[in-house]
Amino acid sequence: MSGLAELRREILRDVLKCSYCAMCEWVCPTLDVESNNRLYGPRGRVNLIASYFREGVDIGILKESIYTCLVCMACTRQCPAGIDIAEDIRKFRLFLDGGNGVG
Amino acid sequence: MEDHVKNLSKLIGHDKVYVDPATIKLYSKNAVYYEGNALAIVFPESTEDVSKIVRYAYENDLKIYPQGSASEIVGSSTPKDDGIVMSFVRMRKIKDVSYIDSYVVCEPGVRLVELNNYLKGSGYMFPIDPASIKSATVGGAINSGSGGMMGAKYGTMKDWVLGLEVVLPNEEGSVLRLGGKTTKNREGYDLIRLIVGSEGTLALVTEAILRITLAPEEVVTVAGFFNDLEDLMRCVINIKESKLDILIMEFVDDVTTKITIDTIKPRVSGSGHLLITSVSTVKEAAQRVLDKLIDIYNRNNSSNIVSARSMEEAEALGIFDIRRNLYPATIKIASSSLEVDEEKPYIFVEDISVPPSRLVEAVKRLRNISEKYGFPMTLGGHVGDGNLHPVVWIREGDREKMDQFNNFVMDIMKMAVELDGVISSEHGIGMVKKDGLIMSYRRRNSLYALKLMREIKRIFDPKSILNPDKMLPSDVY
């Protein structure tokens with residue numbers, strides 16, 4: 001499996017664990033700032049990543065969502081499903097970047 | 001559709017109306033797997049905004065799907081493509097608090113965790129503590145009639161709402177102020193209790209006056225394991241008989257306890273069914289109450305008993321680890337049971353209640369049902385008030401299991417009703433339990449109650465624009 005395919009598999013496997021419980025959102029510093037739209041919180045980001053891989057999403061909006069994350073890891077500590085949200089976002093940025101440094 | 005968006009933007013401001021597909025998708029899901037669609041997502045910032053949107057929707061036959069955090073699990077918050085989602089997340093002000101009169105006034109988008117953080121340090125708390133406390137909003141909790149771990153002592157949301165400001169789904173988008181700042185109120189029919197638990201079908205809550213209460217001065221906690229379910233239930237009965245002020249009484253069955261211990265590695269460990277009891281007391285009496293509680297556990301053959309003289313100590317010892325990690329453990333097992341990497345596990349949390357004295361029978365029958373359908377199941381619940389949460393999981397592609405799932409749930413609901421219980425305790429009916437509602441009322445020969453509910457809905461919402469097709473079955477009377 002190529003580096004990018006492996007990266008995709010790793011990220012998708014983790015983000016699909018999201019049950020949409022929203023327990024990650026209350027600690028997110030960007031959600032409040034960015035109009036309170038779920039797009040700019042961890043639940044939105046994780047689910048947009050899943051959508052990108054499975055059915056496709058608008059790449060412009062996706063990037064806006066992903067690159068406004070501060071990767072502060074506050075959400076990761078809250079997730080009852082144990083999703084490593086911040087790490088998935090970091091990896092996904094790498095993926096979008098064409099996997100530079102991977103494989 | 002474009003006209004609606006343009007007109008709504010003109011009415012309340014373009015920064016409060018979203019139509020991009022990504023936002024619509026994120027506001028069309030809930031915390032199980034229901035996924036709808038919507039024409040737009042609107043974010044009102046005031047009662048006036050809400051009223052304006054309602055007036056427009058009424059005039060143009062546009063449906064409104066109100067939403068808090070969408071962490072519900074029965075489909076009460078998901079939209080259809082005939083309307084708009086009204087998200088209350090921007091109405092998040094805590095407007096007033098009075099410790100003398102024991103109330104707090106807040107907007108519907110305030111999360112319960114934020115409310116309690118606000119009260120922290122005052123000695124007061126808002127005692128409704130659903131597992132989703134970090135995400136659940138005041139508006140969502142009111143409309144879902146939420147409960148939680150402290151339900152044994154504090155009941156559910158219906159017991160804590162003193163007043164409501166609501167917008168009615170009528171031609172004028174009328175604003176009503178119901179109730180007030182007093183605990184006692186006998187001003188006609190109790191419309192507040194009608195709206196609490198109405199799942200967004202009657203009115204839009206724009207402000208709530210909630211009762212608050214003093215936090216217990218001290219809380220002692222004991223956890224212990226039981227090989228025999230009958231021993232555990234006798235322990236529960238003995239604790240109730242001992243006139244202790246039960247705050248929390250949580251149960252996890254033996255299979256689930258083992259799974260959780262194996263998966264999560266909690267700090268408290270043992271084998272058998274787990275019972276955790278917290279009792280409210282005062283500092284001076286804490287040790288005496290704790291000794292009494294431990295004695296009752298011992299007399300009922302409990303093993304691996306762990307005790308704490310305060311909540312801080314209980315947290316430090318990890319007494320609640322197994323109960324709290326029931327859901328995370330289930331997610332881990334469900335995820336590891338997937339056959340294909342790119343599948344998603346669906347996790348379903350059931351929500352029946354039986355009178356606590358019938359819990360042993362309920363647990364045994366639940367296990368039989370789980371075996372009959374071949375659904376692996378974890379089981380925990382609020383044993384103090386008889387509320388059980390069996391949890392099962394199905395992989396998203398498994399159509400056969402999904403079909404069986406509806407029969408599985410119906411069997412569970414029938415069992416609850418046969419034991420004089422209810423089909424939903426704190427999660428609601430939404431789209432998933434309408435058949436159960438019919439079954440429950442039919443069994444009591446009271447189907448007319450559903451007709452009454454339909455009529456009430458019609459009076460509040462004559463054009464059925466507010467969360468249509470939720471909660472109430474359409475034609476069975």
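1. What to know about the overall build of chain B
Here is step 1 of the chain: On a plain count of helices and strands, chain B comes out with 17 helices and 19 strands.
Here is step 2 of the chain: A globule of 477 residues ought to have a C-alpha radius of gyration of about 23 Å, and chain B, at 23 Å, matches this closely.
Here is step 3 of the chain: Taken over the C-alpha atoms alone, chain B extends approximately 70 × 55 × 45 Å along its principal axes.
Here is step 4 of the chain: Relative to all contacts within chain B whose residues are 6 or more apart in sequence, the contacts with residues 24 or more apart total 72%.
Here is step 5 of the chain: Counting every atom, chain B has about 19300 Å² of accessible surface; 50% of that belongs to carbon and sulfur.

2. Digging into the pattern of salt bridges
Any two side chains of opposite charge can pair, so long as their charged atoms come close to each other.
All names here are of chain B.
Here is step 1 of the chain: Enumeration over the complete set of coordinates arrives at 44 salt bridges over all chains.
Here is step 2 of the chain: Measuring nitrogen to oxygen at the nearest pair gives 2.7 Å for the salt bridge that ties Arg 111 to Glu 114. Per residue, the accessibility class of Arg 111 equals that of Glu 114, and both read buried.
Here is step 3 of the chain: Where Asp 262 meets Lys 258, a salt bridge forms, and the shortest distance between an N and an O atom there is 2.7 Å. Taken together, the residues Asp 262 and Lys 258, both in helix α9 (residues 254-264) and four residues apart, mark about one turn of the helix.
Here is step 4 of the chain: A relative accessible area of 41% means that Asp 262 is categorised as partly exposed.
Here is step 5 of the chain: On the basis of relative accessibility, which here comes to 54%, the residue Lys 258 falls in the exposed class.

3. A few points about the pairing of strand β4 (residues 83-87) of chain B
All names here are of chain B.
Here is step 1 of the chain: Here β4 lies mainly inside the structure; five of its five residues are buried.
Here is step 2 of the chain: Where strand β2 (residues 40-42) lies against β4, three bridges are found, and the strand directions are parallel. In the strand pairing of β4, Ala 40 is matched with Ile 84.
Here is step 3 of the chain: Sheet analysis places strand β3 (residues 63-67) next to β4, joined by five bridges and oriented parallel. The residue of β4 that forms the bridge with Lys 63 is Gly 83.

4. Considering the pairing of strand β10 (residues 204-211) of chain B
Remark: a regular strand shows side chains that alternate across the two faces of the sheet.
All names here are of chain B.
Here is step 1 of the chain: β10 sits mainly inside the fold: seven of its eight residues count as buried.
Here is step 2 of the chain: Bridge count between strand β6 (residues 103-106) and β10: four bridges; the pairing is antiparallel. Residue Tyr 103 lies in a different strand from β10, and its bridge partner there is Arg 211.
Here is step 3 of the chain: Note that strand β8 (residues 161-167) and β10 share six bridges and pair antiparallel. Looking at β10, one finds that Val 161 is bridged to Leu 210.

5. Overview of unusual backbone geometry
Here is step 1 of the chain: Of note, the phi angle at Asn 36 of chain A is positive, near 65°, even though the residue is not glycine.
Here is step 2 of the chain: Structurally, Asn 36 of chain A can be placed in the loop between α2 (29-33) and α3 (42-54).

6. A short note on the nonpolar core
All names here are of chain B.
Here is step 1 of the chain: One finds Phe 126, Val 138, Ile 142, Met 157, Leu 164 and Leu 210 to be the most contacted residues of the largest nonpolar core, which totals 95 residues.
Here is step 2 of the chain: Apart from the residues within four sequence positions on either side, Ile 142 is in contact with Met 157, Val 161, Leu 164, Ile 195, Val 196, Gly 197, Val 205, Ala 208 and Leu 210.
Here is step 3 of the chain: Grouped together as the second largest cluster of nonpolar side chains are 63 residues, Val 279, Leu 293, Tyr 297 and Leu 359 included.

Cut-offs applied
Residues numbered from 1 in each chain as written. Chains lettered and ligands numbered in written order. Predicted model: local features only at pLDDT ≥ 70, side-chain atom pairs only at ≥ 80, totals over all residues. Heavy atoms only, no water. Helix = DSSP H or I, 4+ residues; strand = E, 2+ residues; numbered from the N terminus. Rg over C-alpha atoms; globule rule 2.2 N^0.38 Å. Contact = heavy atoms within 4.5 Å. Areas by Shrake-Rupley, 256 points an atom, 1.4 Å probe, with all protein chains shown as cover. Salt bridge = Lys/Arg side-chain N within 4 Å of Asp/Glu carboxyl O. Buried < 20%, exposed > 50% of the residue type's maximum accessible area, 1.4 Å probe, protein only. Pairing = 2+ DSSP bridges. Core = buried A, V, L, I, M, F, W, Y, C linked by side-chain atoms within 4.5 Å.

Treat this as a map of the structure, not an account of what it does.
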